[in-house]
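Descriptive analysis of the structure
In case you want the letters, here they are:
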Amino acid sequence: AQTVTQSQPEMSVQEAETVTLSCTYDTSESDYYLFWYKQPPSRQMILVIRQEAYKQQNATENRFSVNFQKAAKSFSLKISDSQLGDAAMYFCAYRSNRAGTDKLIFGTGTRLQVFP
Amino acid sequence: ETGVTQSPTHLIKTRGQQVTLRCSSQSGHNTVSWYQQALGQGPQFIFQYYREEENGRGNFPPRFSGLQFPNYSSELNVNALELDDSALYLCASSLAKRITDTQYFGPGTRLTVL
């Protein structure tokens, strides 16, 4: 069974600085997607960025980028130029591309605080 | 805003009761998934519906059941409520079942079982 581990329950960063959130996962599959979701106090889960396992190039979305290390099964999220609105829970998630397994498997989350 | 809505926002029930939670997907989205998020945890997959048929189920007992309707709405029903059912329940809709189809989440229903 696949598992996702986020070992940092809480992180903090100063506004305009850079922070990296860690995620590791375990799978025997080779074809899958990885995601970072943001859950603000409003509770609505929002997709931040996703990475396809067969792509070696790391995904980037504006201030958000990932460091995907497939052999190490590591998938970290870097937030550059942090803003107050980035404060939220961040969840790393895994999704298999195997037919009949359409679920997202989430980690336990990292709470990010942003200080002015 | 993801265009996915859920009702009610909060709900309080007592042990043994039954509850129905509702989700309205984005128009055109044929797939809806339900997740349970206990306090301090990540969401756990309950089940998924595609074109009104159950398409996969997580490790939840049969007292958790669902329905999906042609008008892009869906329901999660929980019978014989237990204290451990207290959680945030999230629904997520997507266009189809492909891995490339982004899942859009609703704001959730907070269920408290006393």
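Here, every reference points to the structure presented above.
Note that the structure is predicted; figures quoted are calculated from it, not measured. (Residues numbered from 1 in each chain as written. Chains lettered and ligands numbered in written order. Predicted model: local features only at pLDDT ≥ 70, side-chain atom pairs only at ≥ 80, totals over all residues. Heavy atoms only, no water.)

Residue and element names in this part refer to chain A. Taken as a whole and assessed by the stated rule, the structure comprises 2 disulfides over all chains. Two residues share a disulfide in this structure: Cys23 and Cys92, whose sulfurs sit 2.0 Å from each other. Between Cys23 and Cys92, the S-S dihedral sits near -70°, and the bridge is therefore left-handed. Separated by 69 residues along the polypeptide, Cys23 in the loop between strand 3 (19-21) and strand 4 (24-26) and Cys92 in strand 10 (residues 88-96) bring together distant segments of the chain. (Disulfide = S-S within 2.5 Å. Helix = DSSP H or I, 4+ residues; strand = E, 2+ residues; numbered from the N terminus.)

Residue-level contacts link 20 residues of chain A with 29 residues of chain B. Linking chain A with chain B are 8 residue pairs in polar contact (both at pLDDT 80 or more). Broken down by secondary-structure element, the contributors of at least two residues to the side of chain A that touches chain B are strand 5 (32-39), strand 6 (46-52) and strand 10 of chain A. The dominant element in the side of chain A that touches chain B, judged by the number of residues it contributes, is strand 5 of chain A, at 4 residues. Looking at the side of chain A that touches chain B residue by residue, the class counts come to 8 nonpolar, 7 polar and 5 charged. (Contact = heavy atoms within 4.5 Å. Polar contact = N/O pair within 3.5 Å; in protein donor to acceptor, adjacent residues only side chain to side chain. Nonpolar A, V, L, I, M, F, W, Y, C, P; charged D, E, K, R; others polar.)

Counted by the stated rule, this structure contains 7 salt bridges over all chains. A salt bridge links Glu52(A) to Lys55(A), with the nearest nitrogen and oxygen atoms 3.6 Å apart. Looking at Lys55(A), the relative accessible area reads 41%, which means it is partly exposed. Each of Arg63(B), Glu82(B) and Asp85(B) takes part in salt bridges that share partners, so that together they form one network. (Salt bridge = Lys/Arg side-chain N within 4 Å of Asp/Glu carboxyl O. Buried < 20%, exposed > 50% of the residue type's maximum accessible area, 1.4 Å probe, protein only.)

Here we come to the nonpolar core. Among the nonpolar cores identified, the biggest contains 26 residues, and Tyr25(A), Trp36(A), Phe75(A), Leu77(A) and Tyr90(A) are the most heavily contacted of them. Breaking this core down by element, the ones donating at least two residues are strand 3, strand 5, strand 6, strand 8 (64-69), strand 9 (74-79), strand 10 and strand 12 (110-115) of chain A. The leading source of residues in this core is strand 10 of chain A, at 4 residues. By size, the runner-up hydrophobic cluster in this structure holds 20 residues, among which are Trp34(B), Ile46(B), Phe64(B) and Leu76(B). (Core = buried A, V, L, I, M, F, W, Y, C linked by side-chain atoms within 4.5 Å.)

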